[in-house]
Amino acid sequence: MSDPLARALAARVPASFSELHPYVPDLASFPVRLDANEAPALLPTLRDDERAVWLAALGAVEPARYPDVRARALRHALATRLGVGDDELTIGCGSDEIIQILLATFARPANGRAPVVLVPSPSFVMYRVSARVHGYDVVDVPLDSAWDLDLDAMLAALREHRPAVVFLATPNNPTSGVFARDRVEAIIEEAARLEPPAIVVVDEAYLPFRLGPQDPWQGATGLDLRAGNPHVVVMRTLSKIGLAALRVGWLVGDPRLIGELEKARLPYDLPAYSQAAAVVALGPLAGAIERHVATIVEERARLVAALRAMSAAAPLDVGRPDGNFVWLGLGRDSAPVVRGLKERGVLVRSFAAFPTRLRVSVGTGAECARFLEAFAEVRA
Ligand code: PMP
């Protein structure tokens, strides 16, 4: 008999795992990391009184006890802020876990066929990864030439593939733009007409960066799309606004759906330290977080202006970023640029499927300046 583990792995691990790889970013140390759409460091921006509140909240956690299974304090703080009921929320260990819980819940094969996830492409990679782990087939529909939803193609894919779940990230990652509201609404309508209907996830991880005077949705959010549409859920996270270490994400949805998701959620998924820190972040530190987001939005404007100015020499496609990152089109192979930036201590994100593009997260003013300086050199 050959190695029993080899036989078990060959027979029991889903075939889809052969396409997957562990998620490992570039772990080398770079003085300027603009590769992960994190916010710049938050702690240095806190006033002494704010820092004291933060430390006191963490210091009050009793490590011998399991965290609150229902995350009641955080649930209540979030529900109040969002204007929804406590029973309209599932809170998880980042949106990543929420995606997993949602897909675990909707994984029933229909008519003997694997369930389907429908995603525009490119979009956030974890939709695909989680879908494959949970036995879904993934249908992706390319975005149009303006990186917006190709509505006709999305509607046709809905009718043809009858997905269980559709993921729409707006602003989208990695393209950084919002999707047109009427296109999102048309997809929601079509999803309701299917039998069975598809769940539409509006992923607003980058919402905090799009609100403002030029907001294409004029202040409306995914929450507004829920009215009369119980098959719509909204996903958000604290990760992009300076709190990625907490791993706190949540989903807003109809209580009937939340009731099912809560069966799939691990009871102690959300560490007590994260719950405590998130409660103060939404309460006494809300002003500090707002300042941080405002600074990032200002730095983004400066970065975009500088890149546009550089575009005069050789064209760059800077687009219209609504997230805390820029989807930069170089008009030429990005690989040597990425290499040159790394040599200069700056890490950005590149994508095999888009060999002339870079995704650059907005850092501090100093970090953006280092990026711009290095970029000007390597482009020359
Ligand atoms: N949604 C989108 C669109 C994202 O880009 C990301 C992070 N890259 C997430 C969700 C994941 O957020 P979290 O850190 O809460 O798991």
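This section reports on the structure supplied with the text. (Residues numbered from 1 in each chain as written. Predicted model: local features only at pLDDT ≥ 70, side-chain atom pairs only at ≥ 80, totals over all residues. Heavy atoms only, no water.)

A closer look at the site of the ligand
The condition is simple: Throughout, the term near means that a residue has one or more heavy atoms lying within 4 Å of the molecule or strand in question. Residues adjacent in sequence count toward polar contacts only when both atoms are side-chain atoms; beyond that, a polar contact is any pair of N or O atoms within 3.5 Å, and within protein one must be able to donate a hydrogen and the other to accept it. Under the convention used here, a 1.4 Å probe and the Shrake-Rupley method define accessible areas, while residue burial counts only the protein chains that appear. Using a 1 Å grid laid over the protein atoms alone, points where a 1.4 Å probe fits but cannot get out form a cavity; open sets with protein on both sides within 12 Å along at least 5 of 7 lines form a pocket; any residue with an atom within 4 Å of a point counts as lining. Pocket occupancy is defined atom-wise: a molecule lies in a cavity or pocket when more than half of its atoms are within 2 Å of its grid points. Each helix is a run of H or I in the DSSP string that is no shorter than four residues. Each strand is a run of E no shorter than two, and both are numbered from the N terminus. The classification used treats Ala, Val, Leu, Ile, Met, Phe, Trp, Tyr, Cys and Pro as nonpolar, Asp, Glu, Lys and Arg as charged, and all other residues, Gly among them, as polar.
In the vicinity of the ligand lie 14 residues, with Asp 203, Tyr 206, Thr 237, Ser 239 and Arg 247 positioned nearest. Taking Asp 96, its main chain carries an N or O atom lying 3.0 Å from an oxygen atom of the ligand. With respect to the ligand, the side chain of Arg 247 contributes an N or O atom lying 2.7 Å from an oxygen atom. Compared with its free state, where it exposes 400 Å², the ligand has 93% of that area covered by protein. Spatially, the ligand is embedded in the largest pocket. Looking at which element gives the most residues to the shell around the ligand, the answer is helix H4 (residues 94-105), with three residues. Residues that form the shell around the ligand fall into these classes: five nonpolar, five polar and four charged.

A short note on empty space enclosed by the protein
Gaps left between atoms are located by rolling a probe of water-molecule size over the structure's atoms. The line we're drawing: Grid points are joined across faces, edges and corners, and a volume is the space filled by probe spheres set on the points.
Inspection of every chain in the model, using the stated rule, returns one cavity of 30 Å³ or more. Counted by class, the lining of the largest cavity contains seven nonpolar, one polar and five charged residues.

Brief notes about a nonpolar patch on the surface
For clarity, the cut-off: Patch membership requires over 30% relative accessible area and the absence of a salt bridge. Like charges are linked within 9 Å, and nonpolar side chains (Val, Leu, Ile, Met, Phe, Trp, Tyr) within 5 Å. Just to be clear on terms, a salt bridge is a Lys or Arg side-chain nitrogen sitting within 4 Å of an Asp or Glu carboxyl oxygen. Think of it in three bands: residues with accessible area under 20% of the maximum for their type are buried, residues over 50% are exposed, and the middle band is partly exposed, with areas taken using a 1.4 Å probe on protein chains only.
A surface patch of nonpolar side chains, about 400 Å² in accessible area, is lined by Leu 5, Leu 9, Val 13, Phe 17 and Val 133. Tracing the sequence through the fold places Leu 5 in helix H1 (residues 4-12). Judged by its relative accessible area of 53%, Leu 5 is exposed.

What to know about unusual backbone geometry
Put simply, Ser 121 and Pro 122 share a cis peptide bond, and its omega is 5°. In this structure, Pro 196 follows Glu 195 across a cis peptide bond, with omega equal to -5°. Residue placement: Pro 196 occurs in the loop between helix H7 (181-193) and strand S6 (199-203). Positive phi is not limited to glycine here, since Trp 147 has a value of about 65°. With respect to the helices and strands, the residue Trp 147 is situated in the loop between strand S4 (137-142) and helix H6 (151-161). Relative accessible area serves as the criterion here: at 23%, Trp 147 is assigned to the partly exposed category.

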